[in-house]
Amino acid sequence: MKQNNYFLPSLLAGFSAGVLSSVPGIKSLSCCLLIPIAAFFAIYLFRKATQSANILFSQAALTGILTGIFAAFFNTAFETLMALITHTNEFVETLPQTEIAIKELNLGPIFDATFEIMKQMSREIRETGFSFFFTIGILISNLIVYTVFAFIGAVVARLYFNKRSENI
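Residues numbered from 1 in each chain as written. Predicted model: local features only at pLDDT ≥ 70, side-chain atom pairs only at ≥ 80, totals over all residues. Heavy atoms only, no water.

Trainee: Would you take a moment to explain helix H3 (residues 57–86) for this structure?
Mentor: Spacing of three or four residues puts side chains on the same side of an α-helix, whose turn is 3.6 residues. For H3, built from 30 residues, the straight-helix expectation of 44 Å at 1.5 Å per residue is met to within 8% by its first-to-last C-alpha distance of 43 Å. Phi for His87, located one or two positions after H3, is positive at around 60°. (Helix = DSSP H or I, 4+ residues; strand = E, 2+ residues; numbered from the N terminus. Expected span 1.5 Å × (residues − 1).)

Trainee: Just to check I follow, could you spell out the confidence of the model for the protein chain for this structure?
Mentor: Low-confidence regions, as indicated by low pLDDT, have predicted coordinates that should not be scrutinised in detail. Per-residue pLDDT for the protein chain averages 91, and the proportion of residues at 70 or more is 97%. By mean pLDDT, the top-scoring element of the protein chain is H3 (96), and the lowest-scoring one is helix H4 (residues 90–105) (89). (pLDDT = per-residue confidence, 0-100.)

Trainee: Just checking my understanding: could you explain the packing of aromatic side chains for this structure?
Mentor: One pair of aromatic rings is described through two measures. These are the centre distance and the angle between the planes. Taken as a whole and assessed by the stated rule, the structure comprises ten aromatic pairs. An angle of 35° between the planes, with centres 5.0 Å apart, marks the rings of Phe91 and Phe134 as tilted. Of this pair, Phe91 sits in helix H4 while Phe134 sits in helix H6 (residues 132–167), placing them 43 residues apart in sequence. Just as Phe91 is buried, Phe134 falls in that class too. Between Tyr160 and Phe161 the ring centres are 5.1 Å apart and the planes differ by 70°, which places this aromatic pair in the edge-to-face class. Tyr160 gets classed as partly exposed once you look at its relative accessible area, which sits at 41%. Phe161 gets classed as buried once you look at its relative accessible area, which sits at 2%. Taken together, Phe40, Tyr44, Tyr160 and Phe161 form an aromatic cluster joined through their ring pairs. (Phe/Tyr/Trp six-rings, centres within 6.5 Å; stacked < 30°, edge-to-face > 60°. Buried < 20%, exposed > 50% of the residue type's maximum accessible area, 1.4 Å probe, protein only.)

Trainee: Quick question: what am I supposed to make of the nonpolar core here?
Mentor: As a rule of thumb, soluble globular proteins bury nonpolar side chains together. In this structure, Ala17, Ile35, Ile43, Ile55, Ala71, Tyr146 and Phe161 are the most contacted members of the largest nonpolar core, which totals 19 residues. Of all the secondary structure elements, the ones that give two or more residues to this core are helix H1 (7–20), helix H2 (30–50), H3 and H6. With seven residues, H2 is the single largest residue contributor to this core. With residues up to four places along the chain from it excluded, the contact list for Ile55 reads Ile43, Phe46, Arg47, Ala60, Arg158, Phe161 and Asn162. Of all hydrophobic cores here, the second largest spans nine residues; its members include Ala83, Leu95, Met121 and Ile138. (Core = buried A, V, L, I, M, F, W, Y, C linked by side-chain atoms within 4.5 Å. Contact = heavy atoms within 4.5 Å.)

Trainee: Quick question: what am I supposed to make of the pattern of salt bridges here?
Mentor: Side chains that carry opposite charge are capable of pairing whenever their charged atoms lie near each other. Applying the stated criterion across every chain, the model contains five salt bridges. In this structure, Lys27 engages Glu79 in a salt bridge whose closest nitrogen and oxygen atoms are separated by 2.8 Å. Of the two residues, Lys27 sits in the loop between H1 and H2 while Glu79 sits in helix H3, which places them 52 residues apart along the sequence. A relative accessible area of 21% means that Lys27 is categorised as partly exposed. For Glu79, a relative accessible area of 14% gives the class buried. The salt bridge partner of Glu90 is Lys27, with a shortest N-O separation of 3.8 Å. With a gap of 63 residues between them, Glu90 in helix H4 and Lys27 in the loop between H1 and H2 connect regions that are remote in the sequence. (Salt bridge = Lys/Arg side-chain N within 4 Å of Asp/Glu carboxyl O.)

Encoded structure:
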């Protein structure tokens, strides 16, 4: 592997995190725990593959960002696939309770329009198993959140491995 090949470690770690992030129960821990651990794992793989003692900040940052991007794409793909198969997901199941809670807050007509769009997405998922706007929404959300947390995990991994190589 070349000295600056970030693709393979990020792909492997991102795929693993994306698949595990689709599992109910683990899903709630994915952004804050699973994604940084995946980025840490990607840095570990990058370090093993390049056999470098020190990892540059730019190498860690790019590896972390790529890990977050891959995790977001794979998680979105698996979530969409599961919705296609089951014609339901957490969004569909929790929308009625969310609507009740928001209506009790009486936040105005803008939220009524928002909930009409959300109800349409829920209806599409229940009828066809797919909603384009829901898929785009979770992809954008995952890209932002997973990339930030993977970046943080990769930078922490860089600090850990560089400190460890100094002590050897």
